[in-house]
Amino acid sequence: MKIAIITETFLPSTDGVVTRLKESIKYLRNQDHEVVVIAPDFGVTEYEGAIVEGVKTTRMPFYRYREFSLPQRRVKDLLQKHDPDLVHVVNPALVGVSGVYYADKLNYPLIASYHTHVPKYLDYYRLYPFKPLVWWYFRKLHNYADVNLCTSRAIKKELDEKNFHNVSVWDRGVAVDHYHPRHKNEEMRDRLSAGRKKNKLLVFVGRLAPEKEIHKIKPLLEQREDISLAIVGDGPVKGELEETFKDTNTVFTGLMHGEELAQAFASSDALIFPSVTETLGLVILESMASGLPVIAAKSGPTMEQVEDGKTGLLFENENTDSMIQAIQRLEDEELYQRLCKNARQEAEKYSWQKPSEQILEYYYKTLKVYEEQAATTSKKSKVKVTE
């Protein structure tokens, strides 16, 4: 079949959504399906044989860190040009609105996936009074879709409670061969710890934004001189965080990719994950595949991936004492070695093969749901492929 994927983010950006899409596209192309990606125009025109159609971008006044693509008529033109069998809108919010609208107007089967917990983010941008409106907005967009996906059972439960229709879970995955303990090396550890290689080295990997709550780690560093922190990533509050952590054992590395990122994980002692706003948190599995235990704030999606005392250690959100106690448990060498071993073994269960096979199954399900609805409405079915 021919699949049009409309996404708010794609290459050269690097985040969990892009990683998942890359793996899915590789699988779909290997199965001889055609894929067209409609995404913000950052100069990429092809990926693994998939056509990438760029659409105009603009910089938002309230978020100068990166450019976005707003709703636009070009999405309609591109859908008509490629005439797909199915449209997949990833994280509909801005340009994805055009994907939802024109897929509906042009009578294409539509699947939508929910990856970014924007309503929860509003708490961190002093916009919480708008949460009911934002929930209404996303529910309205997603309920145009024949099938909806999310990335954890906890988020599915929340979306079900908010009356999102026909929601299923798109399973997590990780590049188990790429992220591996074998990438550990002393040179990278020296870089991440600023030469304090004997310190307990914690690593944070992700976008540097308010909702990631990275500032919560500072009291730990103030109390423990024998702990170092490496912050891997970039984002809108990088300057603020550099000021916040100025007098602590903290290194800001900027963005890392590929082999370098794999080395950063494997050369650290544990991943620290203070955020409770994630719909999944792909770095958790990447860390575990690297043989690192995860020290994480309790949240629904986090507790689906990290078993306290087995693959990591959980602490109560907004509770510094609880976080410090979790870190102290790492000093039990027998426990620590067991956590490392268990983390790798758990991650090995989640290669990208299953989620990639799963998305194709959901595409067929979407075609089936669309056919059933088309049979009972005035919609003219555009389905060209059946399961």
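Residues numbered from 1 in each chain as written. Predicted model: local features only at pLDDT ≥ 70, side-chain atom pairs only at ≥ 80, totals over all residues. Heavy atoms only, no water.

Draft legend 1. Representation of the UniProt feature "domain: Glycosyl transferase family" (unreviewed entry) in the chain. UniProt's entry tags residues 196-345 with the feature "domain: Glycosyl transferase family" (unreviewed entry), counted in the numbering of this structure. End-to-end, the C-alpha atoms of residues 196-345 are 29 Å apart, and along that stretch the chain is 39% helix and 19% strand. (UniProt positions renumbered as here; feature names shortened; annotations may be inferred. Helix = DSSP H or I, 4+ residues; strand = E, 2+ residues; numbered from the N terminus.)

Draft legend 2. Main features of the sheet that holds strand S9 (residues 147-150). Pairing within the open sheet is mixed, and its eight strands lie in the order S3-S4-S2-S1-S7-S8-S9-S10. Each of the sheet's edge strands pairs with one partner strand only, and the pair in question is strand S3 (46-47) and strand S10 (167-169). In terms of strand pairing, strand S2 (residues 34-40) meets strand S4 (residues 50-55) through five bridges, oriented parallel. Paired with Pro-40 across the two strands is Val-55, which belongs to S4. (Pairing = 2+ DSSP bridges.)

Draft legend 3. View of the environment of Val-134. Locating Val-134 in the fold gives a position in helix H5 (residues 131-142). With relative accessibility at 15%, the residue Val-134 sits in the buried group. Along the primary structure Val-134 and Glu-304 are separated by 170 residues, whereas in three dimensions their C-alpha atoms are 26 Å apart. (Buried < 20%, exposed > 50% of the residue type's maximum accessible area, 1.4 Å probe, protein only.)

Draft legend 4. Seen up close, a nonpolar patch on the surface. A cluster of nonpolar side chains, Tyr-125, Leu-127, Phe-130, Leu-133, Trp-136 and Tyr-137, forms an exposed patch at the surface whose accessible area comes to about 580 Å². Structurally, the position occupied by Phe-130 is in the loop between helix H4 (118-121) and H5. The class for Phe-130 is partly exposed, based on a relative accessible area of 46%. (Patch = residues over 30% accessible without salt bridge, like charges linked within 9 Å, V, L, I, M, F, W, Y side chains within 5 Å. Areas by Shrake-Rupley, 256 points an atom, 1.4 Å probe, with all protein chains shown as cover. Salt bridge = Lys/Arg side-chain N within 4 Å of Asp/Glu carboxyl O.)

Draft legend 5. Region of interest: the environment of His-33. Tracing the sequence through the fold places His-33 in the loop between helix H1 (16-30) and S2. The sequence separation of His-33 and Lys-2 amounts to 31 residues, and the corresponding C-alpha distance is 6.0 Å. Ignoring anything within four residues of it in the chain, the contact list for His-33 reads Met-1, Ile-3, Leu-28, Leu-360 and Tyr-364. (Contact = heavy atoms within 4.5 Å.)

Draft legend 6. Inspection of the packing of helix H11 (residues 282-289) against helix H14 (residues 333-347) at higher detail. Viewed as axis vectors pointing N to C, H11 and H14 meet at an angle of 115 degrees, and their least axial separation amounts to 7 Å. Of the two elements, H11 crosses H14, and the hand of that crossing is left-handed. Packed against H11, whose contacting residues are Leu-285, Met-288 and Ala-289, the element H14 presents Ala-343, Arg-344, Glu-346 and Ala-347 at the interface. Here the contact of H11 with H14 is composed, by residue class, of five nonpolar, no polar and two charged. (Axes fitted to C-alpha atoms, helices over the stretch in contact; angles between N-to-C directions. Left-handed = near helix turned anticlockwise from the far one by under 90°. Nonpolar A, V, L, I, M, F, W, Y, C, P; charged D, E, K, R; others polar.)

Draft legend 7. The packing of helix H2 (residues 74-82) against helix H3 (residues 95-105), seen in detail. Where H2 contacts H3, the axes come no closer than 9 Å and their chain directions differ by 50 degrees. Classed by the angle they form, the pair H2 and H3 counts as oblique. The handedness of the crossing between H2 and H3 is right-handed. Residue-level contacts link Val-75, Lys-76 and Leu-79 of H2 to Val-95, Ser-98, Gly-99, Tyr-102 and Ala-103 of H3. Residue composition of the contact of H2 with H3, by class: five nonpolar, two polar and one charged. (Parallel < 35°, antiparallel > 145°, perpendicular 65-115°, else oblique.)

Draft legend 8. Local environment of the nonpolar core. With 32 residues, the main nonpolar core has Ile-38, Leu-79, Val-87 and Leu-159 as its most contacted residues. At five residues, the largest contribution of residues to this core is made by H3. Setting aside residues up to four positions removed in sequence, Leu-79 forms contacts with Ala-4, Ile-6, Ile-38, Pro-84, Val-87, Tyr-102, Ala-103, Leu-106 and Tyr-108. Residues Phe-10, Tyr-27, Leu-86 and Tyr-362 belong to the second largest nonpolar core, which totals 30 residues. (Core = buried A, V, L, I, M, F, W, Y, C linked by side-chain atoms within 4.5 Å.)

Draft legend 9. How the structure looks around unusual backbone geometry. At the junction of Leu-11 and Pro-12, the peptide bond is cis and its omega measures out at 5 degrees in the coordinates. Phi angles above zero are rare outside glycine, and Asp-83 is one such case at about 45 degrees.

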